[in-house]
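Spelled out, the chains give:
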Amino acid sequence: MNNQFTWLHIGLGSFHRAHQAWYLHSLIAAGDNRWHIAAGNIRPDSENVLQALKAQNGRYVLETVSPEGERKYEEITSIQKLIPWQENLQPLIDEGAKPETKVIAFTVTEGGYYLNTQHQLDASNPDLAADLKGACKTIYGTITRILEARMAKQAGPLTLLCCDNVRHNGERFHGGLVEFLQQTGKQAVIDWMAANTTSPNTMVDRITPRPAPDLPARIKEKTGIDDKAPVMGETFIQWVVEDNFRDARPALENVGVELVSSVIPYEEAKIRILNSSHSCIAWAGTLIGQQYIHESTQTDFIYAIANRYVTEDVIPCLGDNGIDLASYRDVVLNRFTNPYIQDTNQRVAADGFSKIPAMITPTLLECYQRGATPDATAMLPALFFVFMEQWHNGTLPYEYQDGILDAPAVHAMFNAADPITVYASNKALFGELASRADFAALLRAKIAAVYTLIQ
């Protein structure tokens, strides 16, 4: 193999294969074959996809589709090693400990970092609690074992690259990992990290739905390739990375990645405008029996909620940050109307208990700090409350997926004499707002408004 360096990716899901793997493939396609991806998972639930990819030598077809319905097909070749899951993750650890592995990147979802509103580890989570006792069920336990193996083998420095929708994601991951190492008494690893690793912040963007059942047949018809693990995504793609790699890195700037000194303006715009609006639309659409994001975005009252949220609260909060926020809002909402993506409300509605504190509560707080009432933003947690009430009652049209869902606590909340008071006083969701009577009153009014809208 000509490739000199390995990019190890943890979290071999559709998003990685439609995003980071596409960029690395684009480098290879342009003649720069110094890098390849090795990929594996912390959990065993995607092993069927990994095995399908293994049978195809890591190759798969990416279909992209524009809002106008233009489809393109590309065979992605950058994933050249597939790492099978086993309970102790030894194959993944061995790959991470090789000197030629210079970047370890990961997509483990927002909930996969187990951080509360103060950005501290939530040790009550059973997976994290297990890792604090020596297991490797989370990104922290896994990376700890990899770093210990690198130290033992003197395998040299590397970059740890978070690619999830977490604000200040590199810093937050690094802070979580250091706290994890402190709690497990691994000061030597903390010291080694300080000298040998960086954790750049990143912003990633491409809407990537779960592959539709008819995708393999369409790819076979258009390309002649019989693909058992294809992916699809929208045409739009963006990757902004803080240029703070510890050692060797791919020449990502040659394939359209924006390498910048600060990711903050980009990530704030994306998390608050795209991610929060996306969840808002999914929760609202679900409540009126819709299945797809595009049909919900095209529903006037839902579009209005998302548009008001961005226009009235987010744009004033972000101020003049060098990005044309009104144009970005319009581009984002137009992307959501793409009927060919067939992105489901179920996929986007997931992980609300992570998304509210990470993506929505900051805007609520900043509105109050500016002396404004977050009238438009409060509709988002109100929608989630009614959404979870349907979950509690067993009337959601699909299974709700949430990495940190505390099912007994949520059921107990809705069984309480006044569920809204319990919800509004939830510090994990709303931080310091949980003790404010005016916020509780606003939330109560907005929940009433949601009931009126969905009747």
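Before going into details, it helps to say that this report is about the structure given with it. (Residues numbered from 1 in each chain as written. Predicted model: local features only at pLDDT ≥ 70, side-chain atom pairs only at ≥ 80, totals over all residues. Heavy atoms only, no water.)

Brief notes about the sheet that holds strand E9 (residues 202–205)
Across a sheet, paired strands are connected by hydrogen bonds in the backbone, their directions being either parallel or antiparallel.
Move 1: Strand order in the open sheet formed by three strands is E9-E11-E12, with mixed pairing between adjacent strands. Two strands close off the open sheet at either side, each with one partner strand: E9 and strand E12 (258–260). Adjacent strand axes in the sheet meet at a mean angle of 15°, parallel and antiparallel pairs treated alike.
Move 2: Sheet topology places E9 next to strand E11 (residues 238–242); four bridges connect them, and they run antiparallel. Paired with Met203 across the strands is Val240, a residue of E11.
Move 3: Contacts from helix H10 (residues 264–287) reach E9, E11 and E12 within the one sheet, and its direction differs from that of E9 by about 40°. (Pairing = 2+ DSSP bridges. Helix = DSSP H or I, 4+ residues; strand = E, 2+ residues; numbered from the N terminus. Axes fitted to C-alpha atoms, helices over the stretch in contact; angles between N-to-C directions. Contact = heavy atoms within 4.5 Å.)

Examining unusual backbone geometry
Move 1: A positive phi angle, close to 50°, is found at Gln154, a residue other than glycine.
Move 2: Looking at the secondary structure, you find Gln154 in the loop between helix H6 (139–153) and strand E7 (158–162).
Move 3: Owing to a relative accessible area of 72%, Gln154 belongs among the exposed residues under this scheme.
Move 4: Positive phi outside glycine occurs at Asp351, with the angle close to 60°.
Move 5: Along the polypeptide, Asp351 turns up in the loop between helix H14 (345–349) and helix H15 (352–369). (Buried < 20%, exposed > 50% of the residue type's maximum accessible area, 1.4 Å probe, protein only.)

Describing the side chain of Thr197
Move 1: Mapped onto the fold, Thr197 is located in strand E8 (residues 197–198).
Move 2: Accessibility expressed as a relative area gives 8% for Thr197, which makes it buried.
Move 3: At 2.9 Å, the side chain of Thr197 forms a polar contact with the backbone oxygen of Met193.
Move 4: Discounting residues that sit within four places of it in the chain, Thr197 has contacts with Leu158, Leu160, Trp192 and Arg246. (Polar contact = N/O pair within 3.5 Å; in protein donor to acceptor, adjacent residues only side chain to side chain.)

Some details on helix H17 (residues 407–415)
Move 1: Buried residues of H17: Val410, Met413 and Phe414, and no others. Down the axis of H17, the sector holding all buried residues measures 90°, keeping them to one side. Away from its buried face, by an angle of more than 90 degrees, H17 presents the exposed residues Pro408 and Asn415.
Move 2: Residues of H17 that are buried sit in contact with H15, helix H16 (379–393) and helix H18 (419–424). (Arc of directions from axis to C-beta.)

Focus on the pattern of salt bridges
One side chain can pair with another of opposite charge once the charged atoms of both are near each other.
Move 1: A complete count under the given rule lists 25 salt bridges for this structure.
Move 2: Note that Arg34 is salt-bridged to Asp32, the shortest N-O span being 2.8 Å.
Move 3: By relative accessible area, Arg34 is classed as partly exposed at 39%.
Move 4: Asp243 is the partner of Arg249 in a salt bridge, and the nearest nitrogen-oxygen pair spans 3.5 Å.
Move 5: Judged by relative accessible area, Asp243 falls into the partly exposed class, the value being 45%. (Salt bridge = Lys/Arg side-chain N within 4 Å of Asp/Glu carboxyl O.)

Some thoughts on the pairing of E11
Remark: a regular strand shows side chains that alternate across the two faces of the sheet.
Move 1: Of all five residues in E11, five are buried, a share of seventy percent or more.
Move 2: Here E11 shows two buried faces, one formed by Gln238, Val240 and Glu242 and the other by Trp239 and Val241.
Move 3: Here three bridges tie E11 to E12, and the two strands are oriented parallel to one another. From the neighbouring strand, Val241 faces E12, where its bridge partner is Leu259.

Some details on the sheet that holds E8
Move 1: Here six strands make up an open sheet; going across it, the order is E5-E2-E1-E6-E7-E8 and the pairing parallel. What marks the edges here is a single partner per strand, and that holds for strand E5 (79–82) and E8.

A word on the packing of helix H12 (residues 300–318) against H15
Move 1: For the pair H12 and H15, the least separation of the axes is 9 Å and the interaxial angle reads 75°. One element, H12, and the other, H15, form an angle in the roughly perpendicular class. For the pair H12 and H15, contact is made by Tyr309, Asp313, Val314 and Cys317 and by Met359, Thr363, Glu366 and Cys367, respectively. (Parallel < 35°, antiparallel > 145°, perpendicular 65-115°, else oblique.)

Notes on the side chain of Glu268
Move 1: Along the polypeptide, Glu268 turns up in helix H10.
Move 2: In terms of polar contacts, Glu268 uses its side chain to reach the side chain of Arg272, at 2.8 Å.
Move 3: Beyond its immediate chain neighbours, meaning those up to four positions away, Glu268 contacts Arg167, His168, Ile273 and Leu318.

Quick look at the environment of Gly111
Move 1: Examined against the element boundaries, Gly111 turns out to sit in the loop between strand E6 (101–106) and helix H5 (126–132).
Move 2: As a C-alpha pair, Gly111 and Asp402 span 291 residues in sequence and 7.6 Å in three-dimensional space.
Move 3: Not counting residues up to four positions away in its chain, the partners in contact with Gly111 are Ser354 and Ile404.

A few points about the nonpolar core
Move 1: In this structure, Phe384, Phe387, Met388, Tyr423 and Phe430 are the most contacted members of the largest nonpolar core, which totals 67 residues.
Move 2: Apart from residues lying up to four places away in sequence, Tyr423 is in contact with Ile356, Pro381, Phe384, Phe385, Met413, Leu429, Phe430 and Leu443.
Move 3: Residues Leu89, Phe106, Cys136 and Val189 belong to the second largest nonpolar core, which totals 36 residues. (Core = buried A, V, L, I, M, F, W, Y, C linked by side-chain atoms within 4.5 Å.)

Focus on the environment of Gln51
Move 1: By secondary structure assignment, the location of Gln51 is in helix H3 (residues 47–55).
Move 2: Sequence separation of Gln51 and Lys228 is 177 residues, and the distance between their C-alpha atoms is 9.7 Å.

A closer look at the pairing of strand E1 (residues 5–10)
Move 1: With five of six residues buried, E1 lies mostly within the body of the structure.
Move 2: Bridge count between E1 and E6: five bridges; the pairing is parallel. When the bridges of E6 are listed, Trp7 appears paired with Val103.

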